[in-house]
Structure formats: C-alpha cells, structure tokens
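# Residue-level structural notes
One letter stands for each residue in the lines below.
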Amino acid sequence: MTLISFVVPAFRVQGYLRECLDSILGQPETDIEVIAVDDCSPDASGDIIDEYAARDRRVHSVRLPENVGLGPARNIGLDRAVGEYVWFLDGDDWLAPECLTEVAERLRVTRPDVLLVDHVRTHWNDTATRSAMAEVFPESPGPGTFRLRDRPQAMHLLHTAWNRLVRREFLADLGLRFAPGWYEDVSFSYPVLMAAHRIGVLDRVCVNYRQRRAGAITRTRGDRHFEVFPQWHRVFHLMDSWGPATEALRPAVFERMIWHYLTVLGNGQRIAPELREAFFAQITADYERWLPPGGYPVPDGVEGIKHKLVASGRWRTFSALRAASRARDSARRRARSARRRVGPVARRGARLTRDGLLREYYRAELRRPVDPTLAVYAAYWYRGYSCNPAAIYEVARRLAPGVRGVWVVRRDRVEAVPPGVEYVVAGTPAYYRVLARARWLVNNVNFPDFVRKRPEQVHVQTHHGTPVKVMGLDQQRYPIGAGRMDFAGLLRRVDRWDYSVSANSFSTQMWDRAYPATYTTLEVGYPRNDRLVTAGPDEVRRLRAEFGLDPDEQVVLYAPTHREHLPGYRPPFDPDRFVAALGDSGRLLMRSHYFHDRDRRPGQPRGWERVRDVSGHQRVEDLYLVADVLVTDYSSAMFDYAVLDRPIVLYTPDWEAYRLARGVYFDVTAEPPGAVASTFADLLDLFRTDGVRSDAATKAREHFRARFCTLDDGRAAERVVRQVFLGEPDERSTRC
C-alpha cells in the first residue's frame, strides 16, 4: 500500500502550483501519490497538473467540469486516494525540503490516527513567522501518541487540514467529509482530533504556509465570511451526536469557537464596516446557543473583556474599544513617521531646484481633468520607440484613431523616434503634464516612483520578455542577483497596474507569483512578435539588403543577456574564431543587452566586414528577421525568435553559476529551444558540423514552440487594443 496520498486542490494557483508539486515530488521519500484536482480553475492550473501527470506516474490528474469549491474538491481527491495516510496540501503552499523522511518514519513507527506537523507562515516579503507549536507544546511532545482529552491544548494549533496527516481508514470509518463553503477546515480539523484515539505531534517544520499578498480569502472582503458560523455549527452538532464521549471537550471547543469568531471580526480585510454589527450579533447568538452548562475558560486581559462583551451583546462598547485601540496604534505610527520626516522636512528648501519645481507642476496637473483621448507610451526607461508598446501604438493608430499617442523618450534618444510619432522629452514640463493627464499609460517597464495613479487612469504593463531568470518578489530568494532592489517600492509600482500583458501561459504563471496584485492579465501573445509572424519574404529580403547581407549568406545573431551579479561580464566569445567556423559565407551580428548601451564605443570589432555590432539598432525585430540562426544564453530573445521557427543555439558557459546566483524558473538547458553548447569549443563544433540543424535540435525547437509560442499569431497587439482602448471582450476566453 502507498504510504501517503497527497490531495492537492487547485484553483487560481498557477503561479505557485509548480513549487507545490516540486516540493512533494522532490522529497527523498517516494512511497507517495499525488492526486491533484483542478477545480475548474480559470487559469492554467489544470494544464500544469496534466503536465506533471504526463511525466511522473505518481501524479494523478483530476479535471472537474465545474467549480465545486475547496472542500468538495478535497472530497473528490480523497475518494481516489489509495494511501494509508492522506495529506491535504493546498496548491499555493509547499513542503520543506526532506521533511517527508521524518514524517514517513513517524507514521511507520507509531501508526497514529492523526499526525500533526509544524509549519511556518511564509510572507510575500520573504519573511517567515513560526506557528504556535512552541507555545502549545513548550516541551517536545515526543514520539508517543495521545487522545485529545489528555492534551486538549492541541486544539490551539492552527485548525487547518494541511498541518495534519490522517489515517485514511480512520477517516472512512468516521464518515467525515469536508463541508462546502468557506472555512471548511473548521468542521473537519476539530472533529478529526476529537474522534482520534492516537494523535501524534511532529515538531518539525514541514509546511510553508504562503501568505499571499493578493487572491487569498483572508484578504477578501465580503459577506461570505459569515460562512464561518455554519461550519462551527457542524462541529457542535457532531459533538451532540457523539454523546458523552466528547462532552468533556466542549468548554475547550467553545473557547476556540469564540476566539475564531473574534479573529475573523478583528481582521479589517475580511469584514466590511457595514457588516460588523451583524457579524457581532451572530457571535452573541452562538455564544448563548452553545455555551457549556459549566462555563468555559475565559481568557485573561483584553481578550477576556471581548468575550464578556460578546456574552452581553454590547456591540457599541465593543466597537468603541476597537476604535480606541486602532486610534492608539495609528497615533504611534504617525509619531514614528514624524520622527523619520524630520530630516527630509529640514532639507525641503534645498530641494526646490528645477526638478522640485517640476514635481510641483506635476502635482498641479494632477488636479486638472484627465484627457480621455491621450495615451502615453514608453519603453526601456525612455530609451526610445520599441518593443511591445511600439507595436500597440501602431495598431491603436489604426483601430482607435481617436486616441492620441505620445511617446516619452530621453533627450539623447530623440533622433530614434520615427517621423510622424509625437513625443515629449523626459524631464520637461510637457513630460510631467502628459503623465498627469493621460487616460492610458503603456510601458514595458515601470514608470518612475513619483507617478501617481489616478482613478481614471489605466496603466498597461506589457513586460519585455518571457522570464528564464526569476523576477519581482522571487528575487528575494537570490540576494546576489537582486542587488539593492527595493521590493516594497516595486510593489507600490505594481499596484498601479491595471493590465499585465503576457506572451504565454508560462509567463502568466510566473508574473502571478512575482508581481502579486489585482491587475487583469491579458494572455494574448507578445505584440512585438506580430511582425515576426506577418513579415513575408519580400520584407526579409529588403531588410537584408539594408544591412548589406547577401541572400546566400548564413547570418548568425549573437545576443547574450547581462548578469546583474557580475557587472561588465561578457561570456567567453571570440568573433573572429566564430566566423571562421561559419565558413566563407557566414556573417555575425552581435547585440549586447540594452543595459550595456552606455558601455558601447564607436567603431566595429576586428574583421568588421563579417562581424557587425548591431547593439544600437532600435528595432530588434529587424535583427531577428534577417538572422538565419540565433545564439543566446538566458535571454528572452529565444522565445521571440522561436516564433520564426529557425534554429536557435544556447551557449551557456556559466549555467550553474548563473542559476545559483540569479535564480531561474526552469532549466533551459534541459528544455532548450535547440542545440546547447556549454563551452566555446562546443559552440564552434555545432556550426562546423551543422549540429544546429540536427534532428534532436529540431525536435527540441518544436517542443519549445508548442509550449511558448502558440499565442503568437500576428494579432496580439490588436487583442490588447480592443480590450484596453475599445473595451471589447476577449473572444478567446473559454475557461470555466
């Protein structure tokens, strides 16, 4: 018999599900199965589950035709489980490395009905807080088992399904199922403990309980939080049906119920102000209904006062007490903030320079009406006219002619703006004016921190590549690569987004976790790649002629990415030796990352007739179209170039160092878009032997394109314009 069946429900967890499944399947203990239930999730969760099931026989995919909710989804997984124990793990949480070895040993040795394990709350800012295990059990409970009546303090551990493993036969004999609705853990976790004859505790952190910044019910206001009441009612109804066996536990269970109700009420992110009085009234009603005849252990201090106010139904006093507490906390925060502002206020006069006056002008413009016809575009920190914003701009001129598009560019990049394109120079009064008054703000990076999001404005984040390296909040785990990134400031910028444009499902999944906020994802393909799809042979011939490239020459584009953790690093690459390996008809175009634009010097490399530095060329799509082969490393260029279905070579001389220091989302050397070379000698051999076009390289490219390029059909920019500027729905949205 399989030892552990993991039941993993999935609904809107595409950004986290891979980490969850990897944390299970990567454990040393392999006597497991994973029943992953796609609860008709509208994102790519179901596709991720199918992907894992296809490559690991321990994973079983269950796709539900309609959304049933977390509790029923767990029941469906439970019905398919064959393991001796069942572990219900949520799709956005993950296991600690190697914890399953100790868990399995404890299960095999003690055979408990329930094994409680420890956890940490892992917050979005990469901090973690311990559970109450140390307070509940100041001394290690050891490997022995017990009944709840002997150690009722076990109820003070968090009442979730995922911090306990339950013997499947015990659960079947008990006939206990998850109830529908929110707070479904309550009517499962407490009854399981009350009915168990053998409870074990493993005081080892096994679960990382993700505290999501957005998307969790604990951060969702609404009346569905009233569903906590019927869940607790089920607990007491079960106790009534079980009779004297659990009567001694009633006072402790009652105390937990009131504690839980007050916790929900006290969370300002759950109960809206207009619902608080009704919620409090229901607490009082349940207090009167379920109060044990002999009373219960009332907490000390402020918590005890709250219990007494609930017992007497004194909402006004309770509300006043809460308001006073919040006012006191607010006053303390203001005092701390005032102390921090002493220095800046003292320096205010020194800041009234030209920039200071322009910022004052910007604030004045914010008080003027938003221009309903104005759209502002920018790319790569105002480096010019390019990338996804340029593609959207061009389609918007055609489909939404009533929208006036204005570009923001640096003063030294004005000459790169095409004729007929309206622009403003960054830092001028016109720049501040359009930022303050534009209806739409479209950028492939973030606008500066001073930009304030007005309610009438729409911010569109187009991004500028499918991520290989980790991005956003995920960089917190890789401090070498993150450098001095201000993650709190990053989130303030992300909170301005209304739309996030995604090239493929994989990017959507990674953006969800890297940039957690409430924006709408437009998974439409990359607008800048439309041209790669629609360009015909005539345009390719024209471009090659403009670059001075003959039709019969083999043109290779070398485009490595930069290394944030190694400023100035260049991969070992000798252009002269490379073109020699290409043969007499070979030409090499070299393009450095845009971060290195200030490092460039005029002139060409040696042998410039066959080697050309094209780093300054504004439209990278031109370079893709003229190139017969792309050589890159970890750059997102590979995803764009794959649209053309031409050979790609990954040259990865520092893969292990890059992966460890910078962090990556997947092993691009194991799932490459073509041939892979880890040394320069290997790279030369690939071109000497034409290994870049081998059957293996072609099959790898086919698989890569099927995963990342299916949305690039030449209409990505149009889809963005129709949804963002014209308000038309996406006709391709068919998920349940």
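Residues numbered from 1 in each chain as written. Predicted model: local features only at pLDDT ≥ 70, side-chain atom pairs only at ≥ 80, totals over all residues. Heavy atoms only, no water.

### Here we look at the overall build of the chain
Secondary structure summary: the chain contains 27 helices and 22 strands in total. Scaling as 2.2 N^0.38, a compact globule of 736 residues should have a C-alpha radius of gyration of about 27 Å, and the chain matches this with 30 Å. If one aligns the C-alpha atoms of the chain with their principal axes, the spans along those axes are about 95 × 65 × 45 Å. By residue count, 55% of the 736 residues in the chain fall in the buried class. Long-range contacts, defined here as pairs at least 24 residues apart, represent 74% of the contacts in the chain between residues at least 6 apart. Of the roughly 32200 Å² of accessible surface on the chain, 51% is carried by carbon and sulfur atoms. (Helix = DSSP H or I, 4+ residues; strand = E, 2+ residues; numbered from the N terminus. Rg over C-alpha atoms; globule rule 2.2 N^0.38 Å. Buried < 20%, exposed > 50% of the residue type's maximum accessible area, 1.4 Å probe, protein only. Contact = heavy atoms within 4.5 Å. Areas by Shrake-Rupley, 256 points an atom, 1.4 Å probe, with all protein chains shown as cover.)

### Quick look at empty space enclosed by the protein
Per the counting criterion, the structure on display carries four cavities of 30 Å³ or more. Quantified by volume, the largest cavity comes out at close to 190 Å³. Taken together, 16 residues line the largest cavity, and the ones lying closest to its centre are His-123, Trp-124, Arg-210, Asp-474 and Arg-477. Secondary-structure elements contributing two or more residues to the lining of the largest cavity are β6 (114-123) and β9 (199-211). Residues belonging to the lining of the largest cavity are distributed by class as follows: five nonpolar, four polar and seven charged. (1 Å grid on protein atoms, 1.4 Å probe; cavity = no way out; pocket = protein on both sides within 12 Å on 5 of 7 lines; lining within 4 Å. Points joined across faces, edges and corners; volume = space filled by probe spheres on them. Nonpolar A, V, L, I, M, F, W, Y, C, P; charged D, E, K, R; others polar.)

### A word on the side chain of Arg-18
By the element assignment, Arg-18 lies in helix α1 (residues 17-25). Filtering out sequence-adjacent residues up to four positions away, Arg-18 remains in contact with Ile-48, Glu-51, Tyr-52, Gln-509, Met-510 and Arg-707.

### Concerning the pairing of strand β17 (residues 554-558)
Within β17, five of the five residues are buried, which leaves it mostly tucked inside the rest of the structure. Neither face of β17 is left uncovered, since the one carrying Gln-554, Val-556 and Tyr-558 and the one carrying Val-555 and Leu-557 both have all their residues buried. One ladder, built from five bridges, connects β17 with strand β18 (residues 586-590); its direction is parallel. Bridging across to β18, Gln-554 finds its partner in Gly-586. In this region the chain leaves β17, passes through helix α21 (residues 575-582) and returns to the parallel neighbour β18; the handedness of that crossover is right-handed. Bridge analysis of β17 against strand β20 (residues 629-632) gives three bridges, and the strand direction is parallel. Directly across from Val-556, in β20, lies its bridge partner Val-629. (Pairing = 2+ DSSP bridges. Right-handed = clockwise from strand over helix to strand, strands pointing away.)

### A closer look at the packing of helix α14 (residues 387-399) against helix α27 (residues 716-724)
Where α14 contacts α27, the two axes come as close as 9 Å, and the packing angle between them is 60°. One element, α14, and the other, α27, form an angle in the oblique class. At the point where α14 passes α27, the crossing takes the right-handed sense. Only Ala-717, Glu-718, Val-720, Val-721 and Arg-722 of α27 make contact with α14, whose side of the interface consists of Ala-391, Ile-392, Val-395, Ala-396 and Leu-399. In terms of residue class, the contact of α14 with α27 is built from eight nonpolar, no polar and two charged. (Axes fitted to C-alpha atoms, helices over the stretch in contact; angles between N-to-C directions. Parallel < 35°, antiparallel > 145°, perpendicular 65-115°, else oblique. Left-handed = near helix turned anticlockwise from the far one by under 90°.)

### Here's the deal with the pattern of salt bridges
Per the stated rule, a full pass over the model turns up 56 salt bridges. Close ionic contact of Arg-368 with Glu-365 constitutes a salt bridge, the shortest N to O distance being 3.4 Å. Among the residues examined, Arg-368 registers a relative accessible area of 38% and is labelled partly exposed. Taking relative accessible area as the criterion, Glu-365 reaches 5% and is therefore assigned buried. Close ionic contact of Arg-587 with Glu-553 constitutes a salt bridge, the shortest N to O distance being 3.1 Å. Of the two residues, Arg-587 is situated in strand β18 and Glu-553 in the loop between α20 (537-546) and β17; the sequence distance between them amounts to 34 residues. The pair formed by Arg-587 and Glu-553 is uniform in burial state, with each residue classed as buried. It is possible to trace a salt-bridge network through shared partners that takes in Glu-19, Arg-210, Asp-474, Arg-477 and Arg-513. (Salt bridge = Lys/Arg side-chain N within 4 Å of Asp/Glu carboxyl O.)

### Re a nonpolar patch on the surface
Nonpolar side chains collect at one region of the surface, where Val-302, Ile-305 and Leu-321 lie side by side and expose about 230 Å² of accessible area between them. Position of Leu-321 among the secondary structure elements: in helix α12 (residues 315-346). You can call Leu-321 partly exposed: its relative accessible area is 33%. (Patch = residues over 30% accessible without salt bridge, like charges linked within 9 Å, V, L, I, M, F, W, Y side chains within 5 Å.)

### Regarding the confidence of the model for the chain
Taken as a whole, the chain shows an average pLDDT of 91; of its residues, 93% reach a score of 70 or greater. Note on residues 594-607: pLDDT under 50 across the span, and 26 contacts to partners over four residues away in sequence or across chains. (pLDDT = per-residue confidence, 0-100.)

### What to know about helix α24 (residues 655-662)
The complete set of buried residues in α24 reads Trp-655, Tyr-658, Ala-661 and Arg-662. When α24 is viewed along its axis, its buried side chains cluster within an angular range of 150° and face the same direction. As for α24, its buried residues are in contact with α16 (479-482). Positive backbone phi, at 80°, marks Gly-663, one or two positions downstream of α24. (Arc of directions from axis to C-beta.)

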